[in-house]
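# Breakdown of the fold
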Amino acid sequence: MGDADSSTDAESSRAGSGESSDPVSEAIAVVARSAPEIRGGLAGRRRKTDAENASGEVQMAADVWADELLESRLTAIDGVGQFASEEREDVVDAGEGEYAVTVDPLDGSSNLKSNNSMGTVLGVYDADLPARGRDLVAAAYVLFGPITTMVVARDGEVTEYVVESKNGEFAERRAVREDVTLPDDPVVYGFGGRVPDWTDRFADYAREIEDELKLRYGGAMIGDVNQVLTYGGVFAYPELDSRPEGKLRLQFEANPIAFVVEAAGGASSNGTESLLAAEPEGVHQRTPMYVGNEELIERLEAQF
Ligand code: F6P
Ligand code: MN
């Protein structure tokens, strides 16, 4: 594994320059190319709209805008047959094509108001939606932090890139960490949901973890998962007493992130099995989500 602060030029490419030869690479490149543009468009779009998404969450202007931008670009790729987004009710028919692409256009967009981290999540499934995580052929996420990074999982390998816009003209994606794996000794944890709403069995697990690891929680799944990928540990948006199905969406959030974490040598769970094995029931279905070092996820499943 390389050093996150030094760059290698092994995978340097002009993101989305049209050099990519297959629909999967093209989808990844489109998200990379769009990232600096999305970032640049956030400042004027921090207000709430009057609309709700399919999960009943109030949409920010930025959510709607990023969704439309990604929809038009991803459905234009030859070989993409379906497009679905957390921010729209229905699956978009993109014509003939083997692949279905999902996005969470702006994960953690409530962090816009307080100017904290957020991201974009991409899943590329080789099956019609709703699909199992095992049908993913690639997954990626962009993290809008102090710098824009992108983590891509494909063919069992995870790579972290820095994405930059040169002269505002094109986005350059530069690999900074190859063969990313979770560190063996876990350091951080981040758990969502209100503590009094946690189920007893999750609260018991959390008490143990709190004794062992440091809290890192920023309220955007992507930012919190990237802490775990960087330092090792566990991220959870757990089952709740008021909502046994948790908050996060299987197709747009949990599956792609589980695919990344498992490709990086970690594990994922919905409480009983790998998220990637879960049978999907609907496009906007929610799931409890637990990802991190294998030993920590095994302990959770053993206690549940
Ligand atoms: O997309 C949903 C999301 O914003 C995640 O990014 C994040 O993990 C979670 O919701 C935060 O929810 P809460 O505000 O309930 O902790
Ligand atoms: Mn989200």
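Everything below is about the structure shown above.
Model, not experiment: these values are computed from the prediction.

Analysis parameters
- Residues numbered from 1 in each chain as written.
- Chains lettered and ligands numbered in written order.
- Predicted model: local features only at pLDDT ≥ 70, side-chain atom pairs only at ≥ 80, totals over all residues.
- Heavy atoms only, no water.
- Helix = DSSP H or I, 4+ residues; strand = E, 2+ residues; numbered from the N terminus.
- Rg over C-alpha atoms; globule rule 2.2 N^0.38 Å.
- Buried < 20%, exposed > 50% of the residue type's maximum accessible area, 1.4 Å probe, protein only.
- Contact = heavy atoms within 4.5 Å.
- Areas by Shrake-Rupley, 256 points an atom, 1.4 Å probe, with all protein chains shown as cover.
- Near = heavy atom within 4 Å.
- Polar contact = N/O pair within 3.5 Å; in protein donor to acceptor, adjacent residues only side chain to side chain.
- Nonpolar A, V, L, I, M, F, W, Y, C, P; charged D, E, K, R; others polar.
- Donors = N, O, S within 2.8 Å, 3.2 Å for Na, K, Ca; no water.

Per the secondary structure count, the protein includes 6 helices and 16 strands. Relative to the 2.2 N^0.38 estimate, which gives 19 Å for 304 residues, the radius of gyration of the protein is 18 Å and therefore close to what a compact globule would have. Counting only C-alpha atoms, the protein reaches 50 × 45 × 35 Å along its principal axes. In the protein, buried positions account for 56% of the 304 residues. The contacts in the protein between residues at least 6 apart in sequence include a share of 62% that link residues at least 24 apart. Carbon and sulfur atoms provide 41% of the accessible area of the protein, an area that totals close to 12,700 Å².

Ligand 1 sits among D107, G108, Y217, G219, A220, M221, Y237, K247, L248, R249 and E253. At 3.0 Å, a side-chain N or O of K247 approaches an oxygen atom of ligand 1. Expressed as a share of its isolated accessible area of 400 Å², the protein-covered part of ligand 1 is 78%. Class assignment for the residues of the shell around ligand 1 results in 5 nonpolar, 2 polar and 4 charged.

For the rest of this paragraph, the subject is the coordination of the manganese ion (ligand 2). Looking at the manganese ion (ligand 2), one finds its protein donor set to be D104 (OD), D107 (OD) and E253 (OE), positioned 2.0 to 2.2 Å from the metal centre. One chain supplies every donor for the manganese ion (ligand 2), spaced along it as D-x2-D-x145-E. Here D104 is found in strand β6 (residues 99-107), whereas its partner E253 is found in helix α5 (residues 250-263), with 149 residues between them in sequence. The pair D104 / E253 is uniform in exposure class, with both members buried.

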